[in-house]
Amino acid sequence: MAIHLQKDLQELRVELLQLGTMVESAINEAMHALINRRPELAQKVLKEGDAIDAKEVHIEEMCLKTLALHQPVAVDLRFIVVALKVNNDLERMGDFAENIANRAISLAGQDPIPVPSEFSEDMPNQIRQMIRMALDALVKLDVELAQEVIKMDQLVDTINRN
C-alpha cells in the first residue's frame, strides 16, 4: 500500500507543478496584455481560466481520494494538507490573472501610460521566479528554498509600493 501512496503523492506533485505553470503563464500573459494593450491576449487568459479552475478541482479531488484511500500520517499527511492549501492559492492567483486580463480589455482602447521597467519587467520576472521556486520548495520539501522565496517577496512589495 505504501507504494501506491507514494505513486499518488508523486502524481499530486506533478499536477501541482502543472497548475503552477498554468498560473504563471496566465499572470505573464495578463500583465503583457495590460502593459502592451493586447486585448486578444487578455481574451486568451480568460479562456484559460476555465482550465485552471478545472485543474484546481481535479487536484482537490486527488487530495481527498488519497486521504480516504491511504489514510496517510506524518510527512505525507502534512504534504497533502499543504497541497490543498497551495492548490487553492494557485487558483486564486489564476483569478487575479483574469482580473488583470479584464482590466486590460477595458483599457485596450486607451494609450498606454508609461510605467517603470521595475513594474513591467522586473516585478513579473520576480513573481514568475517566486512561483517556480515556491512550488519546487514544496515538492522537494526544501526549507532553504522556501525561505529564499519569502525574502524575494519583499522586493515585489517594494516595487508594488513604488
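The sections below set out a description of the structure shown in this document. (Residues numbered from 1 in each chain as written. Predicted model: local features only at pLDDT ≥ 70, side-chain atom pairs only at ≥ 80, totals over all residues. Heavy atoms only, no water.)

## Comments concerning the layout of surface pockets
Okay, step 1: In this structure, the largest pocket occupies an estimated 920 Å³ of space.
Okay, step 2: As for the largest pocket, its lining consists of 33 residues, of which Met 93, Ile 127, Met 130, Ile 131 and Ala 134 are closest to the centre.
Okay, step 3: Taken together, the elements giving at least two residues each to the lining of the largest pocket come down to helix 1 (2–36), helix 3 (74–107), helix 4 (117–140) and helix 5 (143–161).
Okay, step 4: Ranked by residues supplied to the lining of the largest pocket, first place goes to helix 3 with 11 residues.
Okay, step 5: Here the residues of the lining of the second largest pocket sort into 7 nonpolar, no polar and 2 charged. (1 Å grid on protein atoms, 1.4 Å probe; cavity = no way out; pocket = protein on both sides within 12 Å on 5 of 7 lines; lining within 4 Å. Points joined across faces, edges and corners; volume = space filled by probe spheres on them. Helix = DSSP H or I, 4+ residues; strand = E, 2+ residues; numbered from the N terminus. Nonpolar A, V, L, I, M, F, W, Y, C, P; charged D, E, K, R; others polar.)

## Concerning the nonpolar core
Okay, step 1: Leu 12, Leu 16 and Phe 79 are the most contacted members of the largest nonpolar core, which totals 29 residues.
Okay, step 2: Of all the secondary structure elements, the ones that give two or more residues to this core are helix 1, helix 2 (39–70), helix 3 and helix 4.
Okay, step 3: A per-element tally of this core places helix 1 first, with 12 residues.
Okay, step 4: For Leu 16, the residues in contact, after removing those within four places along its chain, are Ile 59, Phe 79, Ala 83, Val 86, Asn 87, Leu 90, Leu 135 and Leu 138. (Core = buried A, V, L, I, M, F, W, Y, C linked by side-chain atoms within 4.5 Å. Buried < 20%, exposed > 50% of the residue type's maximum accessible area, 1.4 Å probe, protein only. Contact = heavy atoms within 4.5 Å.)

As far as function goes, none of this settles anything; it's purely spatial.
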